[in-house]
Amino acid sequence: DSLGITKYQLNNSGYKIYTNLNVELQKSLYNNALNSSLRENDDVESVQIVADNENNAIVAYYSTLPYDVKRQAGSIMKPVAVYAPAIDMNIVSLSTPVIDEKIDYSGYSPSNFNDVYLGETTVRQAIQKSLNSVAVKTLSYVGLPKSAQYISNFGVNLEYFAQNYTLALGATTNGVSPIELCCAYTALANDGVYKANSFVKYVVSGVNKIYVGAQSQSHNVIKSSTASIITSALSDTVKDGTARTLSALPFEVAAKTGTAERADGKNSDAWCMSYNEAYT
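Conventions we followed
Residues numbered from 1 in each chain as written. Predicted model: local features only at pLDDT ≥ 70, side-chain atom pairs only at ≥ 80, totals over all residues. Heavy atoms only, no water. Helix = DSSP H or I, 4+ residues; strand = E, 2+ residues; numbered from the N terminus. Contact = heavy atoms within 4.5 Å. Salt bridge = Lys/Arg side-chain N within 4 Å of Asp/Glu carboxyl O. Buried < 20%, exposed > 50% of the residue type's maximum accessible area, 1.4 Å probe, protein only. Core = buried A, V, L, I, M, F, W, Y, C linked by side-chain atoms within 4.5 Å. Phe/Tyr/Trp six-rings, centres within 6.5 Å; stacked < 30°, edge-to-face > 60°. Lys NZ or Arg CZ within 6 Å of the ring centre and 35° of its normal. Pairing = 2+ DSSP bridges. Axes fitted to C-alpha atoms, helices over the stretch in contact; angles between N-to-C directions. Parallel < 35°, antiparallel > 145°, perpendicular 65-115°, else oblique. Left-handed = near helix turned anticlockwise from the far one by under 90°.

### A few points about the environment of Pro-97
By secondary structure assignment, the location of Pro-97 is in strand β4 (residues 97-100). C-alpha of Pro-97 to C-alpha of Tyr-185: the two residues are 88 residues apart in sequence and 26 Å apart in space. Setting aside residues up to four positions removed in sequence, Pro-97 forms contacts with Thr-121 and Thr-122.

Here is the structure:
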């Protein structure tokens, strides 16, 4: 598509395609996929992506699903759809007190995991513990149109956006792709600057480069200070929150987890987006 030719023409072009592949990281992802101890059964599908933050390059990718797969994102969307916009707009800070409680929004009443509510808490703790009630409440302060604008600036295509508060919990009309979310979180790692990640470094015909990857223009989605604040909260999520399994790593990492029920009602998707200074 980028070259304006068909797959048949590409296969017979003689072009050389240079990618951003990091062989060691690719081997690591592949070995993870083969490690049966990481899953309950062999029917588990997975997508794994590693992006180099500095170069906005996808350096490792392994998937048992189609490249363009889209799924409901669950709580992975909270930093992008709710908390980054709310902090960027100076609506809340991490220390803002908020009541975690059962509440009704015109017939929509979000539940926390296991119906546990903390009562008086803070935005930082709400992110750390992934409290659904507080996420929806905060989205109501931001407003749906403003949230959708931020999500779009993060590179996530909502297509036919359903204007309701389920967006705070990652519910979208047609789902989102893991690659889109990887790009969005790379922006958090890059001080709030978004640029689409690329698999391809460049394409050569003879001695001429006819295509260079990652040519999309970069733009600020959120202030650098907002990105630092979100990173601080997501680091706490690893230290003592929903992503604390990652606290065993020998380096600091910021992360967010999420789960989403599948349409068949029998299976669910588990997500984890994480980043440090070097990689997302």
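### Notes on the pattern of salt bridges
Under the defined criterion, the tally for this structure stands at 7 salt bridges. The partner of Lys-223 in a salt bridge is Asp-88, with the nearest N and O atoms 3.5 Å apart. Here Lys-223 is found in the loop between β9 (219-220) and α8 (224-240), whereas its partner Asp-88 is found in helix α3 (residues 78-88), with 135 residues between them in sequence. For Lys-223, a relative accessible area of 39% translates into the label partly exposed. Residue classification places Asp-88 among the buried residues on the basis of a relative accessible area of 11%. For the salt bridge of Asp-236 with Arg-124, the shortest nitrogen-to-oxygen distance reads 2.5 Å.

### Some remarks on the nonpolar core
By size, the foremost hydrophobic cluster in this structure holds 57 residues, and its most contacted members are Tyr-83, Phe-154 and Leu-181. For this core, the leading source of residues is helix α7 (residues 178-189), giving 9 residues. Ignoring any residue separated from it by four or fewer positions in sequence, one finds Phe-154 in contact with Val-80, Ala-84, Glu-180, Ala-184, Ala-187, Leu-188, Tyr-194, Val-221 and Ile-222. Judged by nonpolar contacts, the second largest core, of 5 residues, contains Leu-29, Val-50, Val-59 and Ala-60.

### Overview of the packing of aromatic side chains
For the coordinates displayed, the defined rule picks out 7 aromatic pairs. Over the ring of Tyr-202 we find Lys-209, and its NZ or CZ is 4.1 Å from the ring centre.

### Some points on the sheet that holds strand β1 (residues 16-19)
As summarised here, the arrangement of the 3 strands in space is β1-β7-β8, forming an open sheet in which the pairing is antiparallel. Of all the strands in the sheet, just β1 and β8 (208-212) have a single pairing partner and so form its edges. If you compare each strand with its neighbour and ignore which way they point, the axes differ by 25 degrees on average. In terms of strand pairing, β1 meets strand β7 (residues 200-205) through 4 bridges, oriented antiparallel. Each bridged residue has a counterpart across the sheet, and for Lys-16 the counterpart in β7 is Val-204.

### Description of the pairing of β7
The sheet contact formed by β7 and β8 spans 4 bridges and is antiparallel. Its bridge partner lying in β8, Tyr-202 is registered against Val-212. With antiparallel pairing between neighbouring strands as the criterion, β7 and β8 make up a hairpin whose turn holds 2 residues, including Gly-206 at a positive phi of roughly 65 degrees.

### Thoughts on the side chain of Thr-237
Looking at the element boundaries, Thr-237 is found in helix α8. Residue Thr-237 is classed as buried on the basis of its relative accessible area of 0%. For Thr-237, the residues in contact, after removing those within four places along its chain, are Ile-127, Gln-128, Thr-242, Ala-243, Arg-244 and Ala-255.

### Structural notes on the packing of α3 against α8
At their nearest, the axes of α3 and α8 sit 9 Å apart, and the two run at 125 degrees to each other. The angle between α3 and α8 places the two elements in the oblique class. Judged by the sense of rotation from one axis to the other, the crossing of α3 with α8 is right-handed. Packed against α3, whose contacting residues are Pro-79, Tyr-83, Ala-84, Ile-87 and Asp-88, the element α8 presents Thr-226, Ile-229, Ile-230 and Leu-234 at the interface.

### As for unusual backbone geometry
The phi dihedral of Asn-90 falls on the positive side, at around 60 degrees, and the residue is not glycine. Within the secondary structure layout, Asn-90 lies in the loop between α3 and β4. Of note in this structure, Asn-114 is not a glycine but carries a positive phi near 60 degrees. Structurally, Asn-114 is set in the loop between β4 and β5 (119-122). Residue classification places Asn-114 among the exposed positions, given a relative accessible area of 60%.

### Here we look at the pairing of strand β11 (residues 268-275)
A one-sided burial pattern is seen for β11, the buried positions being Asp-269, Trp-271, Met-273 and Tyr-275 and the unburied ones Ser-268, Ala-270, Cys-272 and Ser-274. Connecting strand β10 (residues 254-261) to the next strand, β11, in antiparallel fashion are 6 residues, including Gly-265 with a positive phi near 75 degrees.

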